[in-house]
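As a plain string of letters, each chain reads:
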Amino acid sequence: MEFIVYLAGEIHTNWREQLKKETAKRNLPFKFVGPMERHDLSDDIGEKIIGEQPGPVYKDEAASSINNLRTSLLMNKADLVIALFGEKYKQWNTAMDASTAITLNKPLILIKPEQLHHPLKELSNKANVTVENIQQALDVLSYVVEA
(Lines give C-alpha, C1' and ligand atoms only; values in the text may rest on other atoms or scores of the structure.)
Protein backbone atom coordinates (compact mmCIF):
# COMPACT_ATOMS: atom_id res chain seq x y z
CA MET A 1 0.00 0.00 0.00
CA GLU A 2 1.34 3.43 -0.95
CA PHE A 3 0.44 6.56 1.01
CA ILE A 4 0.28 10.10 -0.37
CA VAL A 5 1.87 12.73 1.86
CA TYR A 6 1.33 16.47 1.35
CA LEU A 7 4.49 18.35 2.37
CA ALA A 8 3.44 21.78 3.64
CA GLY A 9 5.94 24.44 4.57
CA GLU A 10 8.43 26.92 3.31
CA ILE A 11 9.83 26.46 -0.18
CA HIS A 12 13.19 28.17 0.32
CA THR A 13 15.22 25.22 1.65
CA ASN A 14 15.66 21.64 0.46
CA TRP A 15 13.93 19.96 3.41
CA ARG A 16 11.54 18.11 1.07
CA GLU A 17 14.42 16.59 -0.88
CA GLN A 18 16.08 15.47 2.36
CA LEU A 19 12.87 13.78 3.47
CA LYS A 20 12.26 12.15 0.09
CA LYS A 21 15.84 10.87 -0.16
CA GLU A 22 15.75 9.30 3.30
CA THR A 23 12.31 7.79 2.66
CA ALA A 24 13.68 6.14 -0.49
CA LYS A 25 16.72 4.84 1.44
CA ARG A 26 14.39 3.27 3.98
CA ASN A 27 12.20 1.87 1.17
CA LEU A 28 9.07 3.38 2.70
CA PRO A 29 5.80 3.35 0.71
CA PHE A 30 5.17 7.09 0.53
CA LYS A 31 4.56 9.36 -2.46
CA PHE A 32 4.97 13.09 -1.89
CA VAL A 33 3.06 16.10 -3.20
CA GLY A 34 3.06 19.72 -2.13
CA PRO A 35 3.03 23.36 -3.09
CA MET A 36 4.77 24.74 -6.15
CA GLU A 37 8.42 24.90 -5.11
CA ARG A 38 9.53 27.22 -7.92
CA HIS A 39 8.98 30.50 -6.12
CA ASP A 40 8.93 32.71 -9.24
CA LEU A 41 6.36 30.49 -10.95
CA SER A 42 4.21 30.43 -7.81
CA ASP A 43 4.25 34.24 -7.66
CA ASP A 44 3.68 34.73 -11.41
CA ILE A 45 1.17 31.96 -12.23
CA GLY A 46 -1.89 34.25 -12.13
CA GLU A 47 -0.47 36.60 -14.73
CA LYS A 48 0.88 33.70 -16.81
CA ILE A 49 -2.62 32.28 -17.09
CA ILE A 50 -5.07 35.20 -16.96
CA GLY A 51 -2.84 38.06 -18.04
CA GLU A 52 -1.14 41.11 -16.62
CA GLN A 53 -2.80 42.57 -13.53
CA PRO A 54 -3.18 46.30 -12.72
CA GLY A 55 -0.93 46.14 -9.64
CA PRO A 56 0.92 43.92 -7.18
CA VAL A 57 -2.11 43.25 -4.96
CA TYR A 58 -4.10 42.01 -7.96
CA LYS A 59 -1.12 39.97 -9.15
CA ASP A 60 -0.92 38.31 -5.70
CA GLU A 61 -4.66 37.65 -5.67
CA ALA A 62 -4.58 36.03 -9.11
CA ALA A 63 -1.67 33.78 -8.12
CA SER A 64 -3.20 32.95 -4.74
CA SER A 65 -6.42 31.63 -6.24
CA ILE A 66 -4.50 29.21 -8.47
CA ASN A 67 -2.06 28.19 -5.72
CA ASN A 68 -4.98 27.62 -3.33
CA LEU A 69 -6.68 25.42 -5.92
CA ARG A 70 -3.49 23.34 -6.25
CA THR A 71 -3.20 23.01 -2.47
CA SER A 72 -6.85 22.05 -2.11
CA LEU A 73 -6.71 19.36 -4.78
CA LEU A 74 -3.46 17.81 -3.60
CA MET A 75 -4.23 18.00 0.11
CA ASN A 76 -7.64 16.41 -0.40
CA LYS A 77 -5.94 13.46 -2.12
CA ALA A 78 -3.34 13.12 0.64
CA ASP A 79 -3.46 10.46 3.34
CA LEU A 80 -1.20 12.49 5.62
CA VAL A 81 0.15 16.03 5.89
CA ILE A 82 3.60 16.95 7.17
CA ALA A 83 3.95 20.66 7.94
CA LEU A 84 7.42 22.05 8.58
CA PHE A 85 7.91 25.33 10.40
CA GLY A 86 11.39 26.56 9.61
CA GLU A 87 13.39 29.01 11.64
CA LYS A 88 14.22 31.65 9.04
CA TYR A 89 11.14 32.62 7.02
CA LYS A 90 7.67 33.80 7.94
CA GLN A 91 5.48 30.74 8.07
CA TRP A 92 2.04 32.02 7.10
CA ASN A 93 1.44 29.37 4.43
CA THR A 94 2.60 26.60 6.73
CA ALA A 95 0.14 27.70 9.41
CA MET A 96 -2.67 27.92 6.87
CA ASP A 97 -1.90 24.48 5.42
CA ALA A 98 -1.61 22.86 8.87
CA SER A 99 -4.94 24.39 9.89
CA THR A 100 -6.52 23.20 6.65
CA ALA A 101 -5.25 19.66 7.30
CA ILE A 102 -6.82 19.74 10.76
CA THR A 103 -10.10 21.04 9.35
CA LEU A 104 -10.11 18.25 6.75
CA ASN A 105 -9.36 15.67 9.45
CA LYS A 106 -6.13 14.76 7.70
CA PRO A 107 -3.54 13.17 9.97
CA LEU A 108 -0.88 15.82 10.65
CA ILE A 109 2.76 15.62 11.64
CA LEU A 110 4.00 19.04 12.69
CA ILE A 111 7.75 19.72 12.55
CA LYS A 112 8.81 22.75 14.55
CA PRO A 113 11.99 23.80 16.29
CA GLU A 114 11.86 24.07 20.08
CA GLN A 115 12.08 27.89 19.99
CA LEU A 116 8.69 27.99 18.21
CA HIS A 117 6.98 25.99 20.95
CA HIS A 118 5.12 28.93 22.48
CA PRO A 119 3.74 30.59 19.32
CA LEU A 120 2.65 27.22 17.90
CA LYS A 121 1.35 25.57 21.08
CA GLU A 122 -2.32 25.52 20.06
CA LEU A 123 -1.58 24.25 16.56
CA SER A 124 0.79 21.66 17.97
CA ASN A 125 -1.91 20.51 20.36
CA LYS A 126 -4.25 19.84 17.40
CA ALA A 127 -1.65 17.93 15.36
CA ASN A 128 -1.53 14.15 15.66
CA VAL A 129 2.22 14.23 16.25
CA THR A 130 4.63 17.09 16.87
CA VAL A 131 8.38 16.62 16.38
CA GLU A 132 11.37 18.94 16.27
CA ASN A 133 13.15 17.78 13.11
CA ILE A 134 12.87 15.90 9.84
CA GLN A 135 14.63 12.81 11.24
CA GLN A 136 11.96 12.41 13.90
CA ALA A 137 9.21 12.78 11.28
CA LEU A 138 10.90 10.05 9.23
CA ASP A 139 10.99 7.82 12.28
CA VAL A 140 7.23 8.34 12.68
CA LEU A 141 6.68 7.41 9.02
CA SER A 142 8.82 4.29 9.46
CA TYR A 143 6.88 3.26 12.53
CA VAL A 144 3.50 3.78 10.84
CA VAL A 145 4.29 1.18 8.17
CA GLU A 146 6.37 -1.21 10.29
CA ALA A 147 4.97 -4.74 10.21
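Higher on the page you've got the structure.
In this text the structure is predicted, and so the values were computed from the model without any measurement.

**Looking at the overall build of the protein chain**
- A count of helical and extended segments in the protein chain gives six helices and five strands.
- Walking the protein chain from its N terminus toward its C terminus, one meets helices and strands in the order β-α-β-α-α-β-α-β-α-β-α.
- Here the C-alpha atoms of the protein chain give a radius of gyration of 16 Å, agreeing with the 15 Å that 2.2 N^0.38 yields for 147 residues.
- When its C-alpha atoms are laid out on the principal axes, the protein chain stretches across 55 × 35 × 25 Å.
- Counting the 147 residues in the protein chain, one finds 41% classified as buried.
- If you take every contact in the protein chain between residues at least 6 apart in sequence, the share linking residues at least 24 apart comes to 63%.
- Accessible area for the protein chain stands at about 9,000 Å²; split by element, carbon and sulfur atoms hold 51% of it.
- In the protein chain, the 17 positive side-chain charges and the 20 negative ones have mean positions that sit 3 Å from each other.

**What to know about the layout of surface pockets**
- Its volume calculated, the largest pocket comes out at about 680 Å³.
- When the residues that make up the lining of the largest pocket are grouped by side-chain class, the tally is eight nonpolar, eleven polar and six charged.

**Regarding the sheet that holds strand 5 (residues 129–131)**
- Read from one edge to the other, the open sheet built from five strands follows the order 2-1-3-4-5, with strand pairing classed as parallel. Two strands lie at the open edges of the sheet, namely strand 2 (30–33) and strand 5, each paired on one side alone. Ignoring strand direction, the axes of neighbouring strands in this sheet form an average angle of 25°.
- Looking at chain direction, strand 1 (residues 3–9) and strand 2 are connected through four bridges and run parallel.

**A word on the pairing of strand 1**
- Most of strand 1 sits inside the fold, with five of its seven residues counted as buried.
- For the segment spanning strand 1, helix 1 (residues 15–25) and strand 2, crossover handedness is right-handed.
- Relative to strand 3 (residues 80–84), strand 1 is paired through five bridges, and the arrangement is parallel. The residue of strand 3 that forms the bridge with Tyr6 is Val81.

**Some words on a negative patch on the surface**
- On the surface, a cluster of negative charge is contributed by Asp40, Asp43, Asp60 and Glu61.
- Tracing the backbone through its elements, the reader meets Asp40 in helix 2 (residues 39–50).

**Brief notes about the pattern of salt bridges**
- Counting across every chain of the model gives six salt bridges.
- Here Lys20 makes a salt bridge to Glu17, at a shortest N to O gap of 3.6 Å. Placement of the pair is Lys20 and Glu17 together in helix 1, with a separation of three residues, close to one helical turn.
- Using a relative accessible area of 43% as the deciding quantity, one classes Glu17 as partly exposed.
- Ionic pairing is found between Arg26 and Asp139, a salt bridge with its closest N-O pair at 3.1 Å. With Arg26 in the loop between helix 1 and strand 2 and Asp139 in helix 6 (residues 134–145), this pair connects stretches of sequence that are 113 residues apart.

Reading the values: rules and limits
Residues numbered from 1 in each chain as written. Predicted model: local features only at pLDDT ≥ 70, side-chain atom pairs only at ≥ 80, totals over all residues. Heavy atoms only, no water. Helix = DSSP H or I, 4+ residues; strand = E, 2+ residues; numbered from the N terminus. Rg over C-alpha atoms; globule rule 2.2 N^0.38 Å. Buried < 20%, exposed > 50% of the residue type's maximum accessible area, 1.4 Å probe, protein only. Contact = heavy atoms within 4.5 Å. Areas by Shrake-Rupley, 256 points an atom, 1.4 Å probe, with all protein chains shown as cover. Lys, Arg positive; Asp, Glu negative; His and termini not counted. Charge placed at Lys NZ, Arg CZ, Asp CG, Glu CD. 1 Å grid on protein atoms, 1.4 Å probe; cavity = no way out; pocket = protein on both sides within 12 Å on 5 of 7 lines; lining within 4 Å. Points joined across faces, edges and corners; volume = space filled by probe spheres on them. Nonpolar A, V, L, I, M, F, W, Y, C, P; charged D, E, K, R; others polar. Pairing = 2+ DSSP bridges. Axes fitted to C-alpha atoms, helices over the stretch in contact; angles between N-to-C directions. Right-handed = clockwise from strand over helix to strand, strands pointing away. Patch = residues over 30% accessible without salt bridge, like charges linked within 9 Å, V, L, I, M, F, W, Y side chains within 5 Å. Salt bridge = Lys/Arg side-chain N within 4 Å of Asp/Glu carboxyl O.

So far we have only geometry, and geometry alone does not tell us how the molecule works.
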